[in-house]
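Coordinates in review
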Amino acid sequence: MTHSTASPLPSQVKKPLSRSERSERKIRARNAAQRAEQAENADQSQNADVSDIKQNNAFADKKNIMWVLLSGAMALTFVVMLFLPDTGMGGGLVSTYSAMLWCGFFGAALWLYRAASGWAGFAYGSVAGLVIQFISQLL
């Protein structure tokens, strides 16, 4: 009687794995899961439309015209308020800061859209806002 109920069958005996064997097994399992995920993503991308694949990240896209339009609209709002009577924006330090800030944002967005330095655009826009504020005080 070679196989009693007290001794396990040779196919059921589990050899304890060393630390390196366990880490290799984890690495193989992780790589297999990554390959399966990549294969699944490849299948999904082949079935998807081109418009569904492209993800538009408005914050990272420097060529997004919406930032130029929005900052230009805000700059135009504050510049127009500088020239209109009784808007509360004609004089004072806040009018100078707001004109410089929003014209600077518009300049930065415009320069980034043109693939130039955003900091240079902000500086040029701020100077333009300051000049416009001085002109509004003279008129």
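For the structure given in this document, a descriptive report is provided here. (Residues numbered from 1 in each chain as written. Predicted model: local features only at pLDDT ≥ 70, side-chain atom pairs only at ≥ 80, totals over all residues. Heavy atoms only, no water.)

For helix 5 (residues 118–138), which comprises 21 residues, the first-to-last C-alpha distance of 30 Å matches the rise-based estimate of 30 Å (1.5 Å per residue) to within 8%. Three or more residues of helix 5 are buried, namely Gly118, Gly121, Gly125, Ser126, Gly129, Gln133 and Ser136. End-on view of helix 5: buried residues confined to an arc of 135 degrees, all on one side of the axis. Of the exposed residues in helix 5, those oriented more than 90 degrees away from the buried face are Tyr124, Val127 and Leu138. As for helix 5, its buried residues are in contact with helix 3 (65–83) and helix 4 (93–113). The distance from a side-chain oxygen at the start of helix 5 to the backbone nitrogen of tryptophan 119 is 3.4 Å, and the residue carrying that oxygen is serine 117. (Helix = DSSP H or I, 4+ residues; strand = E, 2+ residues; numbered from the N terminus. Expected span 1.5 Å × (residues − 1). Buried < 20%, exposed > 50% of the residue type's maximum accessible area, 1.4 Å probe, protein only. Arc of directions from axis to C-beta. Contact = heavy atoms within 4.5 Å. Polar contact = N/O pair within 3.5 Å; in protein donor to acceptor, adjacent residues only side chain to side chain.)

The end-to-end C-alpha distance of helix 4, which contains 21 residues, comes to 30 Å, matching closely the 30 Å that a straight helix rising 1.5 Å per residue would cover. Burial in helix 4 covers these residues: Ser95, Thr96, Ser98, Ala99, Cys103, Gly104, Gly107, Ala108 and Ala109. Of the surrounding elements, those touching the buried residues of helix 4 are helix 3 and helix 5. Downstream of helix 4 by one or two residues, alanine 115 has phi in the positive range, about 65 degrees.

Without other data, these values stay purely geometric and don't point to any function.
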